[in-house]
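Architecture and fold: a report
Here is what each chain is made of, one letter per residue.
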Amino acid sequence: MLVVMQSHATDEQVRAVCERIEELGYKAHPIPGSVRSAIGITGNTGIVDLGTLESMAGVAECIPVSKPYKLVSREIKPENSVIHVPTPLGDVTFGGQAVAIVAGPCAVESEKQAFAVAEAVKTSGARLFRGGAYKPRTSPYSFQGLGEPGLKILAAVRDRFGLGIVTEAIDNESLDLVERYADVIQIGARNMQNFSLLKRAGRAKKPVLLKRGMSATLDEFLMAAEYIMAEGNYHVILCERGVRTFSDHTRNTLDLSMIPAVQRRSHLPIVVDPSHGTGRRNKVLPLSRAAVAVGADGILVEVHNDPERALSDGMQSIVPEEFAQLMAEVRQIAGVLNRSLN
Ligand code: PEP
Ligand code: MN
């Protein structure tokens with residue numbers, strides 16, 4: 001259910017409607033808009049008693065939301081959401097005019113490695129650094145990440161280079177720590193339907209980058225985002241990272257049609273990860289160009305200074321020179337669409 005306020009409704013009136021909704025036992029989600037505000041209602045399994053709300057001061061109308069996802073839906077918020085990530089070098093935005101670039105190694109391996117990659121990606125113009133301190137690996141014998149010491153290295157990257165930090169939480173325990181150190185909390189493909197983790201991310205005070213599960217449908221992807229928003233965290237960035245298919249020339253099949261499909265149904269920004277999406281270094285550049293051309297709000301890409309010796313995902317990591325080329329090429333493509341890079 002959505003309560004649409006009149007364009008001249010006051011903050012006081014919005015507050016009164018929210019209070020009434022909560023009194024009725026539901027959760028109210030105020031959604032400011034450029035023309036008028038709206039209030040999403042969740043927690044209602046049946047029809048909300050409209051009479052009481054519709055007659056309140058400042059209310060224009062109450063409309064049922066037909067989709068199973070509500071807060072992520074464009075029905076509830078027609079305008080794009082722009083998520084601001086503060087960094088020492090200024091805000092990076094997702095979902096606005098500019099295309100956001102997130103670059104760094106799959107895993108933080110040492111301070112030396114993280115600093116080398118951070119310096120390189122910063123020189124090419126990136127302002128957000130990625131790197132996992134907690135790695136969800138297929139094999140229990142593979143490198144699992146440095147844990148909290150890895151987060152401390154990421155904090156040192158922010159201090160030294162001014163880059164914002166994007167890093168993954170794999171369970172509620174690591175999320176507590178990641179929330180403290182990171183600027184954006186990543187939820188990985190394997191955890192897209194870890195509902196207790198999604199709820200915990202929904203209570204976090206930092207933006208969440210939610211990756212599509214490797215066999216998730218559009219509805220499942222959006223419902224996972226709904227879990228986060230239903231808890232009150234509206235700062236969700238979606239990420240297409242490829243799905244499992246029969247193709248064996250790539251690790252995954254990057255489903256670029258997901259971008260316009262999401263944009264049609266949701267106001268949330270969506271970025272593309274061409275590294276996991278292909279699994280092959282030589283395909284990262286062409287698919288990055290395609291991602292910007294299709295309308296993605298950003299790119300998340302793995303860069304390593306010595307990929308042959310990387311402790312994870314070396315095969316799909318590009319080297320700093322290739323990243324410099326990627327930035328130059330995607331900047332040109334963004335320009336054709338009247339977008340810039342940030
Ligand atoms: C990653 O970003 O390094 C990662 C593990 O990604 P995904 O969850 O998409 O596999
Ligand atoms: Mn990786």
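On a predicted model such as this, the values are computed, not experimentally measured, just so you know.

Reading the values: the criteria
Residues numbered from 1 in each chain as written. Chains lettered and ligands numbered in written order. Predicted model: local features only at pLDDT ≥ 70, side-chain atom pairs only at ≥ 80, totals over all residues. Heavy atoms only, no water. Donors = N, O, S within 2.8 Å, 3.2 Å for Na, K, Ca; no water. Helix = DSSP H or I, 4+ residues; strand = E, 2+ residues; numbered from the N terminus. Buried < 20%, exposed > 50% of the residue type's maximum accessible area, 1.4 Å probe, protein only. Near = heavy atom within 4 Å. Polar contact = N/O pair within 3.5 Å; in protein donor to acceptor, adjacent residues only side chain to side chain. Areas by Shrake-Rupley, 256 points an atom, 1.4 Å probe, with all protein chains shown as cover. Axes fitted to C-alpha atoms, helices over the stretch in contact; angles between N-to-C directions. Parallel < 35°, antiparallel > 145°, perpendicular 65-115°, else oblique. Left-handed = near helix turned anticlockwise from the far one by under 90°. Contact = heavy atoms within 4.5 Å. Domains from an automatic or database assignment. Buried area = accessible area lost by both parts, 1.4 Å probe. Salt bridge = Lys/Arg side-chain N within 4 Å of Asp/Glu carboxyl O. Phe/Tyr/Trp six-rings, centres within 6.5 Å; stacked < 30°, edge-to-face > 60°.

Turning to the coordination of the manganese ion (ligand 2), a few remarks are in order. The manganese ion (ligand 2) binds to the protein through Cys 106 (SG), His 276 (NE2), Glu 302 (OE) and Asp 313 (OD); the donor distances cover 2.0 to 2.4 Å. All donors to the manganese ion (ligand 2) come from one chain, and their sequence spacing reads C-x169-H-x25-E-x10-D. Of this pair, Cys 106 sits in the loop between β7 (100-104) and α3 (111-123) while Asp 313 is found in the loop between β14 (298-302) and α11 (320-336), placing the two residues 207 residues apart along the sequence. A single burial state applies to Cys 106 and to Asp 313, both of which are buried.

Around ligand 1, the surrounding shell consists of Cys 106, Arg 130, Lys 135, Glu 168, Gln 186, Gly 188, Ala 189, Arg 190, Lys 211, Arg 241, His 276 and Glu 302. Arg 130 places a polar side-chain atom, nitrogen or oxygen, 2.8 Å from an oxygen atom of ligand 1. One nitrogen or oxygen atom from the main chain of Ala 189 is found 2.8 Å from an oxygen atom belonging to ligand 1. Protein chains bury 97% of the 290 Å² of accessible surface belonging to ligand 1 in isolation.

Attention now moves to the packing of helix α10 (residues 281-294) against α11. Their axes nearest at 9 Å, the elements α10 and α11 cross at an angle of 20 degrees. Classified by the angle their axes make, α10 and α11 are roughly parallel. Along this stretch, α10 crosses α11, giving a crossing that reads as right-handed. Together, Arg 281, Val 284, Leu 285, Ser 288, Arg 289, Val 292 and Ala 293 of α10 and Glu 322, Gln 325, Leu 326, Glu 329, Val 330, Ile 333 and Ala 334 of α11 make up the contact between the two elements.

So, about the domain arrangement of the chain. Per the domain assignment, the segments making up the chain are domain 1 (2-63) and domain 2 (83-341). In this complex, domain 1 contributes four residues to the contact, which on the side of domain 2 involves six residues. Summing both sides of the interface, domain 1 and domain 2 together bury roughly 270 Å²; the carbon and sulfur share of this comes to 49%. Our count for the contact surface shared by domain 1 and domain 2 stands at zero salt bridges. Linking domain 1 to domain 2 there are one residue pair in polar contact (both at pLDDT 80 or more). At three residues, strand β2 (residues 27-31) tops the list of elements feeding residues into the side of domain 1 that touches domain 2.

Given two aromatic rings, their pairing is described by the distance between the two centres and the angle made by the two planes. Overall, the coordinates contain two aromatic pairs when judged by the stated rule. With 5.4 Å between their ring centres and 85 degrees between their planes, Phe 115 and Phe 161 make a pair best called edge-to-face. Taken together, the residues span a long stretch of sequence, with Phe 115 in helix α3 and Phe 161 in helix α4 (residues 148-161) at a distance of 46 residues. The residues Phe 115 and Phe 161 share a single accessibility class, namely buried.

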